[in-house]
Amino acid sequence: MNTSWIIFFAGLAGIGLGAIFFGGLWWTIRRGVSSSRPAAWFLGSAVLRMGAALAGFYFISDGHWPRLVACLVGFIAARLIVTRLTRPSADAPGPVAANK
């Protein structure tokens, strides 16, 4: 397979890893704040998410730094996407809107 395609797929895999990581963070925060044991939620989630991300980076890079860089760029892109998708709407009541 052509090297540029491998780099492209490494970037896509990075987007997938980032979506799992940051989507899992969002899900954990929503579950953890209403839980009777939030520390267990946050610690368990952090260990699982970091383990999955590190294992993904390791296997995707396969010892080649361009793949690792492409995967990292995809991971950061997923952060931007998940942050935008999970942002509360402007008309939703929240702590800031309730104080106005």
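Located above this text is the structure these notes cover.
Bear in mind the structure is a predicted one, so any value in this text is a computation, not a measurement.

Peer 1: Would you mind going over the overall build of the protein with me for this structure?
Peer 2: Across its full length, the protein carries four helices and zero strands. Secondary structure of the protein in N-to-C order comes out as α-α-α-α. Its C-alpha atoms give the protein a radius of gyration of 17 Å, more than 25% over the compact-globule value 13 Å for 100 residues. Its C-alpha atoms give the protein principal-axis dimensions of about 55 × 30 × 15 Å. Every one of the 100 residues in the protein was classed for burial, and the buried ones make up 24%. Summarising the internal contacts of the protein: among those between residues at least 6 apart in sequence, 65% fall at separations of at least 24.

Peer 1: Just checking my understanding: could you explain the environment of R49 for this structure?
Peer 2: On the secondary structure map, R49 appears in helix α2 (residues 38–61). Between the alpha carbons of R49 and F22 there is a distance of 8.5 Å; along the sequence they are 27 residues apart. Once you skip the residues sitting within four places of it in the chain, R49 turns out to touch F21, G24 and L25.

Peer 1: Honestly, the packing of aromatic side chains in this entry has me stumped. Any pointers?
Peer 2: Ring pairs (aromatic) are described by centroid distance and by the angle formed between their planes. Counted according to the given criterion, the structure contains nine aromatic pairs. Geometrically, the ring pair formed by W5 and F8 is edge-to-face, given 5.8 Å between the ring centres and 90° between the ring planes. Separated by three residues within a single helix, W5 and F8 lie in helix α1 (residues 3–32), roughly one turn from each other. In this structure F8 comes out as partly exposed when scored by relative accessible area, which is 45%. Ring pairs connect the aromatic residues F21, F22, F57 and F75, which therefore count as one cluster. One Lys or Arg, R49, reaches over the ring of F21 and ends 4.6 Å from the middle of that ring.

Peer 1: So what exactly am I meant to see when it comes to the side chain of T28 here?
Peer 2: Along the chain, T28 falls in helix α1. Residues contacting T28, with those up to four places away along its chain left out, are W41, F42 and S45.

Definitions and cut-offs
- Residues numbered from 1 in each chain as written.
- Predicted model: local features only at pLDDT ≥ 70, side-chain atom pairs only at ≥ 80, totals over all residues.
- Heavy atoms only, no water.
- Helix = DSSP H or I, 4+ residues; strand = E, 2+ residues; numbered from the N terminus.
- Rg over C-alpha atoms; globule rule 2.2 N^0.38 Å.
- Buried < 20%, exposed > 50% of the residue type's maximum accessible area, 1.4 Å probe, protein only.
- Contact = heavy atoms within 4.5 Å.
- Phe/Tyr/Trp six-rings, centres within 6.5 Å; stacked < 30°, edge-to-face > 60°.
- Lys NZ or Arg CZ within 6 Å of the ring centre and 35° of its normal.

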